[in-house]
Amino acid sequence: TDEGVSTTFDAVVVGAGFSGLYMLHRLREAGFTVQVYEAGEGVGGVWYWNRYPGARCDSESIYYNYMFSEELYREWTWSSRFPEQPEILSYLNFVADRFDLRRDIRFQTRVVSACFDEENSRWQIGTDDGATVSATYLITAVGCLSTANVPTFKGLERFQGRWYHTGNWPHEKVDFRGKRVGVVGTGSSGIQSIPVIAEEASHLTVFQRTPQYSAPAQNHLLEEEDIREAKERFHETKQKMRESPTGFPRERSDRSALEVTEEERRRVYEAAWEKGGLILSSTFKDLTISAEANETVCEFIRGKIKETVRDVKVAEMLLPSYYFATKRPVLDTHYFETYNRDNVSLVDVRKEPIVEITPKGIRTAETEFELDILVFATGYEAMTGSLLKLNISGRGGVTLREKWEDGARPKTYLGLATAGFPNLFMITGPESPSVLSNMPVSIEQHVEWIGDCIEYLREHGLDRIEAKEEAEEAWSRHCWEVADSTLFTKAQSWYTGANIHDKPVGFPIYLGGVGHYRNICTEIAEKGYEGFALQSAAKSSQA
Ligand code: NA7
């Protein structure tokens, strides 16, 4: 170890995105020593890596920020309704400077192992620079969608052009001018980048596996008046977001889509379409519960696609058939219109599967597409991918990978902790509601809960906490039951793990709502951390 460099911390935090930055700040304010490790050269997490053309957040900017400090909220001003990646990255850099966070972040350093040392009740954490440090608490802030999924197409290594994954985009601008480009994947990343790439490329071929429901973002610059109002409403908005089901301050409908007339339904959907954003799914209360109600919004969007896309055959290929919102709803800017361009073509890889990548491009069952640039917008190994990569081993040397072996049920207690792994906290872990909510709201709740918990342990002379198996079992079961009472478990999506070949299908997201979840977590803390075993290390080593 370097001389003079501390190697013992109260907490090690993995990741310097939205979660890690606030976790560092929260713990440091409480007087703990913290070391953050970040693989990137700068802060930002997914917003550091996702630099693909058109990358943008689907949460409205004025709700997509920290709310723990009113001063911070007032100091920052967003330029547009839906923030673009560069602006979000600037915001996170601003936060890092504002709270002097960088001095406790080690950049370009990846955590490659973490072992729980039972005797001393501490984590031994190894990094890719060969160093090992020790910490009482290990806190993962690695994000839910951060381990890229590049499908294992035969022949990729022989491709003579350049290829990129949207989640690992180069820092220098990729020049598509005069290039034949192929985009594989039509999730959020594909749908955001396709219209932008089409403007530049000589030809763009989109390889689509599942057609998507996408609604217009209706993005626009924010007026001074909007910004002033947002800042004035800080307290009201913050409270509403925290109590809401999904972390947005919007009202939820208490009407069924089936109790109104067809005209009324159409009026409601049209209004939501015109307004833009992720509001279609909350226009009626039963869209994610009743197949019949769900079909009404599906039909509405299919109608919009048919109206927009001129070529009837292409329009037909773009019509989705799964239950709306059971895959992550997508927002776009002129996505369907892009298929009216002469330089864009669409390939349905369910009918015409990709057989291999050749030196010149992509060969499907029917033809070879010559391409200069290949873009994989093929998503992530969601929820568990980045946690498993850390090589965490807990009590008895059991690894997280072994514990979650069947993959279908990455069992956790509240998404915050997991039995067998004392003093490990996960921000936005599996079986928390975070990934289906407005992320910063969920992140703040997790960070504050973890911060309070660690303070509580200090106050009570304790330094070891572990989720009890029975508490975890009950939470995990509850999580599944809530999900299975909806349409969410009836679709193939990254929510269920079905996007990853060989990954067993489950549902590692709590669907009971952000506000409700917050109350559960608070109550558990108030009961002295019910469901957790609390100890002092000294005692446990005697035991
Ligand atoms: P997503 O939403 O997981 O989308 C990935 C897309 O790539 C989706 O259309 C997939 O089709 C497609 N895909 C994945 N593997 C393949 C293979 N092997 N062949 C063809 N097509 C494939 O990832 P995004 O990056 O777009 O968005 C991730 C999240 O970021 C998003 O939900 C927001 O929360 C922000 P599929 O639908 O699985 O058939």
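Structure first, text after, so check above.
Everything numeric here is computed off the predicted structure, so don't read it as measured data.

(A) Just the overall build of the protein chain, in detail. Across its full length, the protein chain holds 17 helices and 20 strands. Taken over C-alpha atoms, the radius of gyration comes to 24 Å for the protein chain, in line with the 24 Å a tight globule of 543 residues would show. Summarising its shape, the C-alpha atoms of the protein chain cover approximately 75 × 55 × 45 Å along the three principal directions. Buried residues in the protein chain amount to 46% of all 543 residues. Contacts in the protein chain between residues at least 24 apart in sequence constitute 72% of all its contacts with a sequence separation of at least 6.

(B) Broad picture of the site of the ligand. If you check the shell around the ligand, you find 21 residues, and the closest are Pro-151, Gly-185, Gly-187, Arg-328 and Gly-379. It is helix H5 (residues 188-200) that provides the largest number of residues to the shell around the ligand, a total of 3 residues. A per-class count over the shell around the ligand returns 8 nonpolar, 11 polar and 2 charged.

(C) The nonpolar core, seen in detail. Core analysis: the biggest nonpolar cluster contains 150 residues, and Val-12, Val-13, Leu-21, Met-23, Leu-92, Ile-139 and Val-183 have the highest contact counts within it. Broken down by element, the residue count for this core peaks at 8 residues, all from helix H14 (residues 439-459). For Ile-139, the contacting residues outside a window of four places in its chain are Ala-11, Val-13, Met-23, Phe-425, Ile-427 and Ile-450.

(D) Inspection of the sheet that holds strand S12 (residues 344-348) at higher detail. Taking strand neighbours across the sheet as the criterion, the 5 strands line up as S7-S16-S8-S9-S12 in an open arrangement whose pairing is parallel. Each having just a single partner strand, strand S7 (162-165) and S12 make up the two edges of the open sheet. Neighbour-to-neighbour, the strand axes of this sheet turn through a mean angle of 15°, independent of strand direction. One ladder, built from 4 bridges, connects strand S8 (residues 180-184) with strand S16 (residues 373-376); its direction is parallel. Paired with Val-181 across the two strands is Ile-373, which belongs to S16. Contacting S8, strand S9 (203-208), S12 and S16, H5 crosses the sheet at an angle of about 170° to S8.

(E) Here's a closer look at unusual backbone geometry. With phi around 50°, Asp-100 is a residue other than glycine that occupies positive phi space. By the element assignment, Asp-100 lies in the loop between helix H4 (85-98) and strand S3 (105-106). Assessed through the 10 C-beta atoms surrounding it within 10 Å, Asp-100 is described here as exposed.

(F) Quick peek at the packing of helix H1 (residues 18-29) against H14. It is at 9 Å that the axes of H1 and H14 come closest, and there the two elements cross at 30°. When the axes of H1 and H14 are compared, the crossing they make is right-handed. Here Phe-18, Ser-19, Tyr-22, Met-23, Arg-26 and Leu-27 of H1 come into contact with H14, specifically with Met-439, Pro-440, Ile-443, Glu-444, Val-447, Glu-448, Ile-450, Gly-451 and Ile-454. The class makeup of the residues in the contact of H1 with H14 is 10 nonpolar, 2 polar and 3 charged.

(G) Summary view of the sheet that holds strand S15 (residues 368-370). If you trace the 3 strands from one edge of the open sheet to the other, you get S13-S14-S15, paired in antiparallel fashion. The open sheet has two free edges, formed respectively by strand S13 (354-357) and S15, since each of these has just one partner strand. Put simply, the sheet's adjacent strands are angled 20° from each other on average, direction ignored. Where S13 and strand S14 (residues 361-364) come together, 3 bridges link them in antiparallel fashion. Its bridge partner being in S14, Ile-357 is matched across the sheet by Ile-362.

(H) Layout of H4. For H4, with 14 residues, the first-to-last C-alpha span of 20 Å sits near the 20 Å given by 1.5 Å per residue. Along H4, the positions that sit buried rather than exposed are Gln-85, Ile-88, Leu-89, Tyr-91, Leu-92, Val-95 and Ala-96. The arc that holds the buried residues of H4, viewed along the axis, is 155°, so those residues lie on one side. H4 presents Pro-86 and Asp-97 as exposed residues on the side facing more than 90 degrees away from its buried surface. At its buried positions, H4 is contacted by H1, helix H2 (46-49) and helix H3 (70-75). Remark: Asp-100 follows H4 within two positions and exhibits a positive phi of approximately 50°.

(I) Fine view of the environment of Gly-513. With respect to the helices and strands, Gly-513 occurs in the loop between helix H15 (469-484) and helix H16 (514-526). For Gly-513, a count of 19 C-beta atoms within 10 Å gives the class partly exposed. Sequence spacing of Gly-513 and Ile-62 is 451 residues, and the spatial spacing of their C-alpha atoms is 21 Å.

Thresholds applied
- Residues numbered from 1 in each chain as written.
- Predicted model: local features only at pLDDT ≥ 70, side-chain atom pairs only at ≥ 80, totals over all residues.
- Helix = DSSP H or I, 4+ residues; strand = E, 2+ residues; numbered from the N terminus.
- Rg over C-alpha atoms; globule rule 2.2 N^0.38 Å.
- Buried ≥ 20, exposed ≤ 12 C-beta atoms within 10 Å, placed from the backbone.
- Contact = placed C-beta atoms within 7 Å.
- Near = placed C-beta within 6 Å.
- Nonpolar A, V, L, I, M, F, W, Y, C, P; charged D, E, K, R; others polar.
- Core = buried A, V, L, I, M, F, W, Y, C linked by C-beta atoms within 7 Å.
- Pairing = 2+ DSSP bridges.
- Axes fitted to C-alpha atoms, helices over the stretch in contact; angles between N-to-C directions.
- Left-handed = near helix turned anticlockwise from the far one by under 90°.
- Expected span 1.5 Å × (residues − 1).
- Arc of directions from axis to C-beta.

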